[in-house]
Amino acid sequence: MKTIRIFISSPGDVADERDRARQVVEQLRRRYAGQFNLKAVLWEDLPLQADMSFQQGIDMVLSKERGIDIAIFILWSRLGSPIGAVIRKPDGSSYRSGTEREFDLILAARRQGGVDSPKILVYTRQDEASFDESLRGKPTEEKTLLVEQKRLVESFIQEEFHDANTKTNVRAYHSFDYPVTFSHRLRVHLQEVLDPLAGDFVGDPVWDIAKKGSPFRGLEAFEFHHNAVFFGREDEVLEVRRALQRKAREGCAFVLISGTSGSGKSSLARAGVLPTIVEYEVDSSVLGWRYAVCTPSQLGSDLCAGLARLLCSEKPEKVLPELRIAGDSVDVLGRGLNTASQATVEQSIRPALIRAAQGKPGSVRLCLLVDQLEEIFTDKRLSDDERERFITALESLARSGGVWVLATARSDFYQHCQRLPALMRMKEGHGQVDLLPPTTDGLYRLIAQPALLASLIFETRDGASLANRILNDAAAHPELLPLLSYLLRELFEQRTNAGVLTFAAYEQLGGVEGALAKRAETAFSSLSDAAQRELGNVLRALVNVSGDEEESVVRQRIAWETFPAGKPARMLVDRFVAERFLVTDVDSGGKGTVAVAHESLLRVWNRAAQWILDNREFLRVRARVAARMKEGSRLLEGDPLLELVRFHLATTPNGFTPELRGFIEDSVRTVEQAKQRRERVRNNVVIVLVALTLAAIAASIVAIAQKHHAEEQRQEAERQKSRADAEKQEALKTLSQSDFLQAEQLIAANRQDEAITYLLQSLSANPENDAALTRLATCLTEYSWEVPTLVLKHDDKVISVQFSPDGKRIVTASWDGTARVWD
């Protein structure tokens, strides 16, 4: 296979652009796989010999017949290092730098090879602000040298690319402002140069459909082994990789990819960044890479223990089985990551990476991808402490020097991420990359390139390709990336025998926006009535809400055995798994989980979207109850959540897990028992009040009879009555105090219900007994007697009201902790 050699010439001030140029070439290799090989040629990679200078060695490479096919020159503020008097221009004058010498050699090769070879691309950085900043704080002499170098660059551009007499351009060059702009332009320009060389695809396809299946993934994320057909995110791969490189140099190799649901975070990390690191981040000190991929839900309820199992695994991917030095190594590693992560990494993981090198100089490194990091917030089984321990373990790995940690998270969960100090420490500086929708150019590569590598053909109608039709429809809605991916997968499934993706299939599917919803509805309609009726139960199990306001709809993994074989719900699940709307990881023993393939299904399929809208209140209540159960905070009487959850439990009993149902039922039972205790106290109070009322009535009757009987001796009776009243008051005070003391003893014995009876008797005998009033208010507050609110002078609700036996006074008790007597 032919190799196209691409020479990259650049002084030291554009090291960033130089590295980006190398990585662009590496990424473009996949585009032309099977047609020709691309090789970046940089002086540091050349086998230069000690019997010649650097420039002489480079001259040999550049002077070889057809040695270089494409030459890239990158300039900014320096023209390069002097090369001395050994090498001179044809006119005998000296070269100002090695860059000028290399440009002359390439031009000479171009003249010898004709107009087509080698291709020459020149880029100059126009960034005066950054240059001025680079001068800040430097000594005057150094500033002078830097300014002089910049003048040399400007002189070189004027002399080589402009005609001094006509003031016109005689050669083309490209300007850019920042390194990221340069890498994008270089990729576009190289593709324009290389595509004609590629021509029509010849030979076996790079992606063998018979062995590897579809080059399009539908709703599922691209995985590591799909790197060959993962396109459209080349700039983002480069950005994340460079961010990891920089963070590694700073001592904390961690980067968080943040983006909206459906932006392609998982595919970027799994099929873009991870394979690029494993393949290309190798030098004299790094022998090779191991990698591991997980989501928090796959690690289980003990995240650190699950991480230990992953790191020690050998299947399906070899991670670090060298960690298994004893039978209990996995358990010991899990406990260590939970309790002393830094020491565990130093004493276990770093030595294992060295052992993995098998005595060779250098070391093996590990790249760990924690995908869908937001699951640590949506899993209600996890406490804040467990989340912090897991993130602390990741921080220890990222700071170890031997492990790079990459994570992805939905941007609507970022406020949760901010509550984890270790996570915020790790992403300081350049530790976060915000993923935006792909560019139009990126969308086209995503559509066309996998098809090309799999020998698929887009149908042409009236001179227009179906690929361009799809691009135009998708470019209007770049946020619909999962729908585009699903559409391409369905077009592949409906391809002709000749591998043609047709307009007819595209229109029948409903285009980019309609394909997923239409297919889901067709699959649903094909089910039996019994299976269709189970849609609500299946969605209750697979869908949850999260976020501070429970507004974010999220998928959740549940046990496969939740849906027993042969049942209508299982029939629905099986059909949706077959349609790839649901994904599973079930093993041969029938154990595993099932989840919605992507949240986009829940947004675009009208049945699912309407169900979520109708059941959002239920989902919110369930999420709040799960949070309370995790906190160990029981639902109490008067809590609005208790009444809501009792309603939903009665109307939707299958919507709660057995654990949640047990928690709810325990809370309800506790509240009912408290109510029964209060009811007994109320009954006792009623009996006492009735008895007191009857006694008062009897006393009144006797008094009236005595009054008529003693009319003739009125004066004497009045004197006797006065004496009797005084004695009665003293007796009542004595009785009141006796009842009060009895109540105090009962309270000390924790028998408040009986104590209330004595306190009421005490106040009936003597309403002026302030001690009894205060004690009664305390007891009534504790037992929460509830009566309609009265407009009286309390600071809070009145919770109890009683009349005195003579009907002249009212005693009230309030939630504000006071009792008052009213006329």
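Going along each chain's sequence as written, the residues are numbered from 1 onward. The predicted nature of this model means local features are confined to residues of pLDDT at least 70 and side-chain atom pairs, given and counted, to a pLDDT of 80 or more, with totals for whole chains, interfaces and linings taken over all residues. Note: side-chain values were computed over all heavy atoms of the structure, leaving out hydrogens and water.

**Examining the overall build of the protein**
In terms of regular secondary structure, the protein is built from 32 helices and 22 strands. The size measure is the radius of gyration over C-alpha atoms, and the globule rule it meets is 2.2 Å times the number of residues to the 0.38 power. Scaling as 2.2 N^0.38, a compact globule of 823 residues should have a C-alpha radius of gyration of about 28 Å, whereas the protein reaches 41 Å, well beyond that. The long-range fraction of contacts in the protein, counting pairs at least 24 apart against all pairs at least 6 apart in sequence, stands at 70%. All accessible areas in this document rest on Shrake-Rupley with a 1.4 Å probe, and a residue is counted as covered only by the protein chains that are shown. Accessible surface, the protein as shown: approximately 40,300 Å² in total, 51% of it carbon and sulfur. The convention is simple: Lys and Arg are positive, Asp and Glu are negative, and His and the chain ends are not counted. To locate a charge, the coordinates of NZ of Lys, CZ of Arg, CG of Asp or CD of Glu are taken. Here the protein holds 106 positive side-chain charges and 115 negative ones, and the gap between their average locations is 2 Å. Numbering of helices and strands runs from the N terminus, with a helix taken as a DSSP run of H or I at least four residues long and a strand as a DSSP run of E at least two residues long. Should any heavy atoms of two residues lie within 4.5 Å, those residues are considered in contact.

**Observations regarding the pairing of strand β2 (residues 37-41)**
Note: strand β1 (residues 3-9) against β2, five bridges, orientation parallel. The residue of β2 that forms the bridge with Ile 4 is Leu 38. The path from the first strand over the helix to the second decides the hand: if it runs clockwise while the strands point away from the viewer, the crossover is right-handed. Chirality of the crossover, the property in question, places the unit of β1, helix α1 (residues 15-31) and β2 among those that are right-handed. Should DSSP find at least two bridges between two strands, the strands are taken to pair.

**So, the packing of helix α24 (residues 535-542) against helix α27 (residues 606-631)**
Throughout, an axis means a line fitted to C-alpha atoms (over the contacting stretch in the case of helices), and angles, computed between N-to-C directions, take values from 0 to 180 degrees. α27 packs onto α24 with a crossing angle of 55° between their chain directions and a minimal axis gap of 10 Å. Between α24 and α27, the interaxial angle falls into the category oblique. Pair α24 / α27 crosses with right-handed handedness. Together, Leu 535, Gly 536, Leu 539 and Arg 540 of α24 and Arg 607, Ala 608, Trp 611, Asn 615, Phe 618 and Arg 622 of α27 make up the contact between the two elements. Here the angle decides the label: under 35 degrees means roughly parallel, over 145 means roughly antiparallel, 65 to 115 means roughly perpendicular, and every other value means oblique. Helix crossings are classified by the rotation of the near helix relative to the far one: an anticlockwise turn of less than a right angle makes the crossing left-handed, while a clockwise turn makes it right-handed.

**As for the nonpolar core**
Here, nonpolar core refers to any group of buried Ala, Val, Leu, Ile, Met, Phe, Trp, Tyr and Cys residues whose side-chain atoms link them within 4.5 Å. For the exposure calls, accessible area comes from a 1.4 Å probe over protein chains only, and a residue counts as buried if that area is under 20% of its type's maximum, exposed if over 50%, partly exposed in between. With 106 residues, the main nonpolar core has Ile 470 and Leu 484 as its most contacted residues. Per element, the largest residue contribution to this core is nine residues, and it comes from α27. When sequence neighbours within four positions are dropped, the list of residues in contact with Leu 484 reads Leu 443, Leu 446, Ile 447, Ile 470, Ala 474 and Val 512.

**Some words on the confidence of the model for the protein**
For the protein, the mean per-residue pLDDT works out to 84, and 91% of the residues sit at or above 70. The element-level mean pLDDT for the protein is lowest in helix α2 (residues 54-63), coming to 57, with strand β14 (residues 500-501) highest at 96. Known as pLDDT, the predictor's confidence for each residue is given on a scale from 0 to 100. Contacts for the low-pLDDT stretch residues 784-792, under 50 throughout, to residues beyond four places or in other chains number 23 contacts.

**Focus on the sheet that holds strand β19 (residues 593-596)**
Within the open sheet, the three strands sit side by side as β17-β19-β18. Their pairing is antiparallel. Both edges of this open sheet fall to β17 (558-559) and β18 (582-584), since each of them pairs with a single strand only. Relative to β19, β17 is paired through two bridges, and the arrangement is antiparallel. Opposite Ile 558, over in β19, you have Val 594 as the bridge partner. Across the sheet, α24 lies against β17, β18 and β19, angled at about 100° from β19, the strand it touches most.

**Some details on the environment of Ser 764**
Take Ser 764: it is sitting in helix α31 (residues 752-765). Accessibility expressed as a relative area gives 19% for Ser 764, which makes it buried. Considered as a pair, Ser 764 and Gln 802 are 38 residues apart in the sequence and their alpha carbons are 9.9 Å apart. Beyond its immediate stretch of four places on either side in the chain, Ser 764 contacts Leu 692 and Pro 805.

**Describing a nonpolar patch on the surface**
Patch definition: residues above 30% relative accessible area lacking any salt bridge, with like charges linked at up to 9 Å and the nonpolar side chains Val, Leu, Ile, Met, Phe, Trp and Tyr linked at up to 5 Å. A pairing counts as a salt bridge when a side-chain nitrogen of Lys or Arg comes within 4 Å of a carboxyl oxygen of Asp or Glu. Residues Val 686, Val 690, Leu 694, Ile 697 and Ile 701 make up a contiguous nonpolar surface patch of roughly 470 Å² in combined accessible area. Structurally, Ile 697 can be placed in helix α29 (residues 658-709).

**Some points on the pairing of strand β8 (residues 363-370)**
Counting buried residues in β8 gives six out of eight residues, a clear majority hidden from the surface. Two elements, strand β7 (residues 286-294) and β8, share eight bridges in a ladder whose sense is parallel. By the bridge assignment for β8, Cys 294 is matched with Val 370. The pairing of β8 with strand β9 (residues 403-410) spans five bridges and is classified as parallel. Its bridge partner being in β9, Val 370 is matched across the sheet by Ala 407.

**Let's talk about the side chain of Thr 378**
Structurally, Thr 378 can be placed in helix α14 (residues 375-378). Not counting residues within four places of it along the chain, the set of residues in contact with Thr 378 comprises Phe 413, Asn 544, Ser 546 and Val 554.

**Focus: unusual backbone geometry**
Backbone geometry at Ser 455 places phi at a positive 60°, although glycine is not the residue there. Note that Ser 455 resides in the loop between α18 (440-453) and β11 (457-458). Taking the relative accessible area as the measure of exposure, Ser 455 reaches 33% and is therefore partly exposed.

**Let's talk about the pattern of salt bridges**
Scanning all chains against the criterion turns up 44 salt bridges. Linking Glu 220 and Arg 217 is a salt bridge whose minimum nitrogen-to-oxygen distance equals 3.6 Å. What makes Glu 220 partly exposed here is its relative accessible area of 26%. Glu 507 is the salt-bridge partner of Arg 461, the closest N and O atoms lying 3.0 Å from each other. Of the two residues, Arg 461 sits in strand β12 (residues 460-461) while Glu 507 sits in helix α21 (residues 503-509), which places them 46 residues apart along the sequence. Exposure remark for Arg 461: the relative accessible area of 36% places this residue in the partly exposed category. Among the charged side chains, a salt-bridge network with shared partners connects Arg 489, Glu 490, Glu 493, Arg 519, Arg 575, Glu 579 and Arg 580.

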